[in-house]
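These are the residues of each chain, in order.
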Amino acid sequence: YAKRDRILASKATVEEIYNEGKDELYKWRRVGDVENWTQLNLPSVKELKKNGRIEIATPTIARGNTAAEAMDILRAAVGVDPGGNRTITTPLGDAVIDDQWLEHIIEKRHDARERYAHLIIPTLERPTEIWLAPYGDEWRRRYIKVFSGPKYDLLVVVKTLPNGEVVWNVITMEAKSLDKHRQGKLLWREYPSAGV
């Protein structure tokens, strides 16, 4: 009730009082606080592919015929044993790849996301951009990596759990689709300016 009483007794907003002392990543934000790549005058993914430092990427040939095979391929690519985890150092700190959350990545079997599992580590270690993006009532980090080829760009979503930052999902997409995901709060980018 102390916070409620402070709101009623002052001109402070609910957001101001809620956000007091919170890390910038965990503060409440209004939808109007969300920016996108065009508002920040950033190059499109297509421009980044032409002018940036792009790593070569192709899908692996390996595709699991079953969920169990897909999990084996995914675990091997990210270096996680069944029941284990692996910590990856990103430009913004550590992110954990935990076996208990890997099944979420491969559950849509028609996407066969395990074919791109070898791109997860480079995306976390050397992302093109990192955005803090709204997901319902929480914010998650989006690690975006632009690779060569029209369909091999990667979006890795990292969720904050009580035990830290955990890799939550992995999605490959074409450049024009990836641009739509470049929104929220830009936390980090590898290129120095709009001119790439």
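Residues numbered from 1 in each chain as written. Predicted model: local features only at pLDDT ≥ 70, side-chain atom pairs only at ≥ 80, totals over all residues. Heavy atoms only, no water.

The subject of this paragraph is the overall build of the protein chain. Of the regular secondary structure elements, the protein chain holds seven helices and eight strands. Across the 196 residues of the protein chain, 40% fall into the buried class. Residue pairs in contact within the protein chain that sit at least 24 positions apart in sequence constitute 62% of those at least 6 positions apart. With an accessible surface of roughly 10,700 Å², the protein chain has 50% of that area assigned to carbon and sulfur atoms. (Helix = DSSP H or I, 4+ residues; strand = E, 2+ residues; numbered from the N terminus. Buried < 20%, exposed > 50% of the residue type's maximum accessible area, 1.4 Å probe, protein only. Contact = heavy atoms within 4.5 Å. Areas by Shrake-Rupley, 256 points an atom, 1.4 Å probe, with all protein chains shown as cover.)

A few words on helix 5 (residues 99-106). Listed as buried for helix 5 are Asp-99, Leu-102, Ile-105 and Ile-106. Buried residues of helix 5, seen end-on, are gathered within an arc of 80 degrees and therefore sit on one face of the element. Turned more than 90 degrees off the buried face of helix 5, the exposed positions are Gln-100 and Glu-103. Of the surrounding secondary structure, the elements contacted by the buried residues of helix 5 are helix 4 (67-78), strand 3 (93-98) and strand 7 (164-173). The N-cap of helix 5, judged by a side-chain oxygen 3.1 Å from the amide nitrogen of Gln-100 a few residues on, is Asp-98. (Arc of directions from axis to C-beta. Polar contact = N/O pair within 3.5 Å; in protein donor to acceptor, adjacent residues only side chain to side chain.)

Counting buried residues in strand 4 (residues 129-135) gives five out of seven residues, a clear majority hidden from the surface. As judged from the seven bridges shared by strand 4 and strand 5 (residues 138-145), these two strands associate in the antiparallel manner. Opposite Leu-132, over in strand 5, you have Arg-141 as the bridge partner. Between strand 4 and the antiparallel strand that follows it, strand 5, lie two residues; Gly-136 among them carries a positive phi value of about 65 degrees. (Pairing = 2+ DSSP bridges.)

Turning our attention to empty space enclosed by the protein. Overall, the coordinates contain two cavities of 30 Å³ or more when judged by the stated rule. Space inside the second largest cavity adds up to approximately 30 Å³. Forming the boundary of the second largest cavity are Leu-48, Gly-52, Arg-53, Ile-54, Thr-128, Val-146, Glu-190 and Tyr-191. For the lining of the second largest cavity, the residue count by class is four nonpolar, two polar and two charged. (1 Å grid on protein atoms, 1.4 Å probe; cavity = no way out; pocket = protein on both sides within 12 Å on 5 of 7 lines; lining within 4 Å. Points joined across faces, edges and corners; volume = space filled by probe spheres on them. Nonpolar A, V, L, I, M, F, W, Y, C, P; charged D, E, K, R; others polar.)

Moving on, we get to the packing of aromatic side chains. For any pair of aromatic rings, geometry is given as the distance between the ring centres together with the angle between the planes. All chains considered together, the criterion is met by one aromatic pair. Between Trp-101 and Trp-168, the ring centres sit 5.0 Å apart and the planes meet at 45 degrees, which makes this aromatic pair tilted. Here Trp-168 lies in strand 7 and Trp-101 lies in helix 5, a separation of 67 residues in the sequence. Trp-168 sits in the buried class, given a relative accessible area of 15%. If you follow Lys-145 out to its NZ or CZ, it ends over the ring of Phe-147, 5.8 Å from the centre. (Phe/Tyr/Trp six-rings, centres within 6.5 Å; stacked < 30°, edge-to-face > 60°. Lys NZ or Arg CZ within 6 Å of the ring centre and 35° of its normal.)

What follows deals with the nonpolar core. Judged by nonpolar contacts, the single largest core of 26 residues is most densely connected at Ile-97, Ile-120 and Leu-124. Where this core is concerned, the elements lending two or more residues are helix 4, strand 3, helix 5, helix 6 (120-125), strand 6 (153-161) and strand 7. In terms of residues, this core owes the most to one element, helix 4, which gives four residues. Residues contacting Ile-120, with those up to four places away along its chain left out, are Leu-74, Val-78, Ile-97, Leu-154 and Val-170. Ranked by size, the runner-up nonpolar core spans 13 residues in total, among them Leu-48, Ile-144, Leu-155 and Ala-175. (Core = buried A, V, L, I, M, F, W, Y, C linked by side-chain atoms within 4.5 Å.)

Tallying each qualifying case throughout the model produces twelve salt bridges. The partner of Arg-126 in a salt bridge is Glu-55, and the shortest N-O contact between them spans 2.9 Å. Pair noted here: Arg-126 is in the loop between helix 6 and strand 4 and Glu-55 is in the loop between helix 3 (45-51) and helix 4, with a separation of 71 residues, a long-range link. Two residues, Glu-138 and Lys-159, come together in a salt bridge whose shortest N-O distance is 3.8 Å. With Glu-138 in strand 5 and Lys-159 in strand 6, the pair connects residues that are 21 residues apart, well separated along the chain. For Glu-138, a relative accessible area of 24% gives the class partly exposed. (Salt bridge = Lys/Arg side-chain N within 4 Å of Asp/Glu carboxyl O.)

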